[in-house]
Amino acid sequence: MADSAVTEEAMDTSSPSSIQNIKSYAIGQVLEAHKSDTKSLALTDSGTLISGGRDETVQWWGKRAGKYVKTLAFTQPKTLVVNSIAYADLEDGWRLFVGRKDGSIAVYASGSQEPVTIFTEHTQNVCCLHVNQKATHMLSGSWDSNVIIFPIAELNKSSFTVLKCVGHTLSVWALASFPDLPDTYLTASADKTIRLWYRNETAAIFKGHTDVVRALAVLSKDHFLSAGNDGHIIHWDVASGSVLGKFATCAHDFIYSMTLSDSHILTTGEDGTLEFWAMHAKSGGRLTIASEEVIQMPSASTWDAKVLPNSDIAVAGSDGRIYIMSNDPERQAPQEVREAFDAEVVSKMSTKLERIKEDTAEVVTIKVDVDDRPTQLDLHYRKGTDPGLCAQEFIQENHLPMHYLEEITKFIKERVPEARLYDIKTGKKIHVDGEEYDYALSVSIGKGEKDMQMPFNVNESPEFAAQRFVERKGLPVSVIPALAGMISQEMDKLSRGAGAAQAGYEDPFTGPGRYVPGGASNNVQNVADPFTGSGRYVPGGSHSGGADGGFSGDPLTGDGGYRASKENTGAHAVPLSSLPQDKKKPRGPLVPVPDYYIIGLAGKGEKAVAKLKELNEKQDAFQLGQDQINCLEELFVLSPSSNYSSDVAQSAFETALQWPVEHLVPVLDFFRVALTHKSLNSYFCEGERGKDLTERLIAILVSDPTDIPLKIMVCRCIGNAFAHPAGRQLFGMNELSILVPLVLRQVLSDKAVLQHSAATALANWSLTLLQQSEKVEQLGPKEDFMRAIISGIETVDSFGFVSEDAITRLLQAIVTVMWGDASVIRLAKNRNLAAIAARLKDAAQSDASKNIARDIVEMTYSV
């Protein structure tokens, strides 16, 4: 590779980089740089821009005719996401250091398109790199909490010595060096501290941030700045370690990067903004730092920014783009580009405002699929109003048949707790096992066995109540759908109001309009046939037709009859045998997965609370306050449908999740409960927090801890994340090729409870992949999931060591991800899944599990 390919046109560097006329900055150019997040930027001395992205590439951008164009690309091996880059100009040519997700650092040099060497000193993702001002050393920081110092001048030698800086307890996110202090460095970490190092010895520790420290900037040998997820820039005195000033952002919840330019600071962050800060010196070495201007970008987050030699600014976006902002009218984009840029910003802000408004509004918008319509319909339900009336208005507005009324009313109640509460009179509470509930059903578990009380509340889902009962009584998970159906029917009866109760009798199929023994004979005109509704054949009645009499159609197919849903929801009102048969789409109580499973919510968590308090006393920088502990304790006594949300809970988890791995079990015990609450699920699974969560869980499983409870809690966190859309989006689309094999490995452990937790997470995963493919045809995710499953179990000769419940859930996951998809079934067939299913069937004891295994074999024969 010739060096001229890198620098096509030298940039004018006659004047130093300076930030002036801030309010005149506008979009100059939009570079479609990466297919996913542009994570890091670097600049060469001549002004060439280099970018690293999550799409596993490094791109070089040189100037041609005054515009940036791509001049070179370095593609990394598959799955090796680029999270950091650093550049150095040396006497014998340039060096580019590329930090990758597996902990390796690829080193590129002039004249070669392949790495000249690869460093493997880190064990986990390399999230930051830094070359000191004299280009004598390169520093790397990683999720493994360590910093490595490499001597750049010695890299060409056959051997050289690196220094390892050990001291941080969590990921290292930022690095810096002092121009006038050789071998002196700063490192910032997720443990909320900043460390000053002389070579590899800690010289000082700076504590002042309340969250992850993500950025550093050295001002002089005596002062430096830091910024992070607490949204503050802190001015530090090196000698005393004291805080000289603390300044709050006006733009970002989290600050991701910080860049210095003459009298200004530029920061990027989670809200997709570029913030300008003005610096003014005061007496005693102090600074006044104030936010001066905020520019919104179209991307959800902005990861990095660099000030170019001509004072233009390059901003790396989470949408894979690089935005070049300029205050020179001659370098600004044409009017149509500026208008398109502004339109994207307006769209982003409008979506954000709508989301905020929806979260706080009394009106809930529900998407409804009706028949074969190409688009979904919006149903608007106002909390506290009659769901039946809302359904009726929806039907009239969209000109739908009235026989949809009951189905749509039930649909509203299933999704909005306030709708279920509208007409249910709970009356006196019922006590079961020392706890208070709204209702309880008597359940018989076998001949000769004493009936048990299955409690439930009106504000929780039937599946949740059924699962809680099964876990507490030690029953097989295969009975959950049947028990949930019983609770659902009882809720429906209760929600039909007081009229039925006053009448004294109620048929389980037809409700209050039914035959009453000894009643008046004219009541027969008001009865409702369980299959055809009120318009049905009445012996001796009028045959003139109409709403009050006459035959309205075939009991199964005519108007007024029951309309089965298109697909299995696990709650059929007609026999499964009556539905269309398709060997690629087997149906049963457990096939496909009927609903998302919530894992391990039984009990009040007294042990978890006690352990949390015990380990909290051992923390230094991350100790929880009593209000935070009390807040977490509340999670065990609240139903997930309460949608519990609290700033205290958020801060508690953000703090506790930074504890050492050996102390994380009680934290994750609370966290997997938190993920069942929609607001907390959204908070921790969306945006950068979601990516950090995924990476944290991967890091734990990759390390393969011997602590079995820790593995159990990680699997339960993953499984429960699927309880809400944010978690489904996070785990349904990200890191499948890494996480699925790690979770599957736990299914093959020798502990039944770990097997069950992991297999349940896989079952939830498969349901999300199925639902995603039904909405948008996607190539890849389901195939990746299936390959990972088969690769993980194809060498297992016998599954006799796997518990029955885990086998059931594993089979559910396999059949669900294949369900109706000929390409996935064909892949499974080619990988000899039928033989694997046969071995699983041999290990299974229940008929339900054996039937699923047979379904899988039949599916492979269908293509």
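See the structure shown above.
Definitions and cut-offs
- Residues numbered from 1 in each chain as written.
- Predicted model: local features only at pLDDT ≥ 70, side-chain atom pairs only at ≥ 80, totals over all residues.
- Heavy atoms only, no water.
- Helix = DSSP H or I, 4+ residues; strand = E, 2+ residues; numbered from the N terminus.
- Buried < 20%, exposed > 50% of the residue type's maximum accessible area, 1.4 Å probe, protein only.
- Areas by Shrake-Rupley, 256 points an atom, 1.4 Å probe, with all protein chains shown as cover.
- Salt bridge = Lys/Arg side-chain N within 4 Å of Asp/Glu carboxyl O.
- Phe/Tyr/Trp six-rings, centres within 6.5 Å; stacked < 30°, edge-to-face > 60°.
- Lys NZ or Arg CZ within 6 Å of the ring centre and 35° of its normal.
- Pairing = 2+ DSSP bridges.
- Lys, Arg positive; Asp, Glu negative; His and termini not counted.
- Polar contact = N/O pair within 3.5 Å; in protein donor to acceptor, adjacent residues only side chain to side chain.
- Contact = heavy atoms within 4.5 Å.
- Core = buried A, V, L, I, M, F, W, Y, C linked by side-chain atoms within 4.5 Å.
- Domains from an automatic or database assignment.
- Axes fitted to C-alpha atoms, helices over the stretch in contact; angles between N-to-C directions.
- Expected span 1.5 Å × (residues − 1).

(A) How the structure looks around the overall build of the chain. Along the backbone of the chain there are 22 helices and 34 strands. Taken over 863 residues, the chain has a buried fraction of 53%. Surface exposure of the chain reaches about 37900 Å², of which carbon and sulfur atoms provide 50%.

(B) Quick peek at the environment of Tyr-439. Among the structural elements, Tyr-439 can be located in strand 33 (residues 439-443). The buried category is assigned to Tyr-439, whose relative accessible area is 14%. Tyr-439 sits 15 residues away from Met-454 along the chain, and the two C-alpha atoms are 8.4 Å apart.

(C) Fine view of the pattern of salt bridges. One pass over the structure, following the stated rule, counts 20 salt bridges. Taking the shortest distance from any N to any O, the salt bridge between Lys-583 and Glu-858 comes out at 3.6 Å. Here the residue Lys-583 occupies a position in the loop between helix 7 (498-503) and helix 8 (606-616), and Glu-858 occupies one in helix 22 (residues 847-861), the gap between them amounting to 275 residues. By relative accessible area, which is 34% here, Glu-858 ends up partly exposed. We note a salt bridge from Arg-672 to Asp-669, for which the minimum N-O separation is 2.4 Å. You can see Arg-672 and its partner Asp-669 sitting in helix 11 (residues 665-674), three residues apart, about one turn around the helix. Taking the relative accessible area as the measure of exposure, Arg-672 reaches 3% and is therefore buried. Bridged by salt links that share partners, the residues Asp-37, Arg-54, Lys-691 and Glu-695 form one connected network.

(D) Main features of the packing of aromatic side chains. Tallied over the full model, the rule gives 24 aromatic pairs. With 5.2 Å between their ring centres and 65° between their planes, Phe-653 and Phe-671 make a pair best called edge-to-face. A residue pair is termed long-range when its members are at least 10 positions apart, and Phe-653 in helix 10 (residues 647-656) and Phe-671 in helix 11 qualify at 18 residues. For Phe-653, a relative accessible area of 0% translates into the label buried. The buried category is assigned to Phe-671, whose relative accessible area is 1%. Among the aromatic side chains, those forming a connected cluster through ring pairs are Trp-60, Phe-74, Tyr-87, Trp-94 and Tyr-108. Over the face of the ring belonging to Trp-303 we find Lys-39, whose NZ or CZ atom lies 4.5 Å from the ring centre. The cationic tip of Lys-63 hangs over the ring face of Tyr-68; the distance from NZ or CZ to the ring centre is 5.1 Å.

(E) Up close: helix 12 (residues 678-685). When you tally the buried positions in helix 12, you get six out of eight residues, the bulk of the element. Buried residues of helix 12: Leu-680, Asn-681, Ser-682, Tyr-683, Phe-684 and Cys-685, and no others. The positive-phi residue at the C-terminal boundary of helix 12 is Gly-687, with phi of around 60°.

(F) Representation of the pairing of strand 28 (residues 321-326) within the structure. Counting buried positions along strand 28 yields six of six residues, so the element is predominantly enclosed. Because side chains alternate across strand 28, one face comprises the buried residues Arg-321, Tyr-323 and Met-325, and the other comprises Ile-322, Ile-324 and Ser-326, equally buried. Pairing between strand 1 (residues 26-32) and strand 28: six bridges, direction antiparallel. Considered in strand 28, the bridge of Leu-31 is made with Ile-322. Examined bridge by bridge, strand 27 (residues 313-317) and strand 28 share four bridges and lie antiparallel to one another.

(G) Region of the structure containing the side chain of Lys-348. Within the secondary structure layout, Lys-348 lies in helix 1 (residues 335-360). Buried charged residue Lys-348 carries no salt bridge. Nearest counter-charge: Asp-271, at 7.4 Å. Polar contacts involving the side chain of Lys-348 include one to the side chain of Gln-296, which spans 3.0 Å.

(H) Structural detail: the environment of Ile-480. Position of Ile-480 among the secondary structure elements: in helix 6 (residues 480-495). The exposure class of Ile-480 is buried, given its relative accessible area of 4%. Between the C-alpha atom of Ile-480 and that of Glu-463, which follows or precedes it by 17 residues, the distance is 7.0 Å. Ignoring sequence-local partners within four residues, the contact set of Ile-480 consists of Glu-463, Ala-466, Gln-467, Val-470 and Arg-809.

(I) Quick look at the nonpolar core. The biggest cluster of nonpolar side chains holds 108 residues, and the ones touching the most others in it are Leu-762, Trp-765 and Met-818. Tallying contributions element by element places helix 17 (residues 752-775) first for this core, with 10 residues. The residues that make up this core include at least three from each of domain 1 (35-264) and domain 3 (605-861). Dropping the residues within four chain positions of it, Trp-765 is found in contact with Ile-718, Phe-722, Phe-731, Gly-732, Leu-736, Leu-739, Val-740, Val-743 and Phe-785.

(J) Looking closely at unusual backbone geometry. In this model, Val-591 is joined to Pro-592 through a cis peptide bond whose omega is -15°. Its place among the elements puts Pro-592 in the loop between helix 7 and helix 8. In this structure, Glu-56 is a non-glycine residue whose phi angle is positive, near 70°. Position of Glu-56 among the secondary structure elements: in the loop between strand 3 (49-53) and strand 4 (57-64). The backbone phi angle of Arg-199 is positive, close to 55°, even though this residue is not glycine. Looking at the element boundaries, Arg-199 is found in the loop between strand 16 (193-198) and strand 17 (201-207).

(K) Just the sheet that holds strand 6 (residues 82-90), in detail. Pairing is antiparallel across the open sheet formed by four strands, whose spatial order is 6-7-8-9. Each end of this open sheet is capped by a strand with a single partner; those strands are strand 6 and strand 9 (117-119). Averaged over all pairs of adjacent strands, the angle between their axes in this sheet comes to 20°, without regard to strand direction. In this sheet, strand 7 (residues 93-100) lies alongside strand 6 in antiparallel orientation, the contact comprising eight bridges. Considered in strand 7, the bridge of Val-82 is made with Arg-100.

(L) Helix 14 (residues 708-721), seen in detail. Here helix 14 is 14 residues long and its end C-alpha atoms lie 20 Å apart, about the 20 Å a rise of 1.5 Å per residue gives. Of all the 14 residues making up helix 14, 12 are buried; the element is thus mostly covered by neighbouring parts of the structure. Those residues of helix 14 lying buried are Leu-710, Lys-711, Ile-712, Met-713, Val-714, Cys-715, Arg-716, Cys-717, Ile-718, Gly-719, Asn-720 and Ala-721.

(M) Molecular detail of the sheet that holds strand 21 (residues 243-248). The strand order across the open sheet formed by four strands is 18-19-20-21, and the pairing between neighbours is antiparallel. At either end of the open sheet lies a strand with only one pairing partner, and these are strand 18 (213-218) and strand 21. Taken pair by pair, the neighbouring strands of this sheet meet at an average axis angle of 20°, ignoring direction. Of the strand pairs in this sheet, strand 18 and strand 19 (residues 223-228) are connected by five bridges, and their pairing is antiparallel. Note on strand 19: the bridge partner recorded for Leu-216 is Ser-226.

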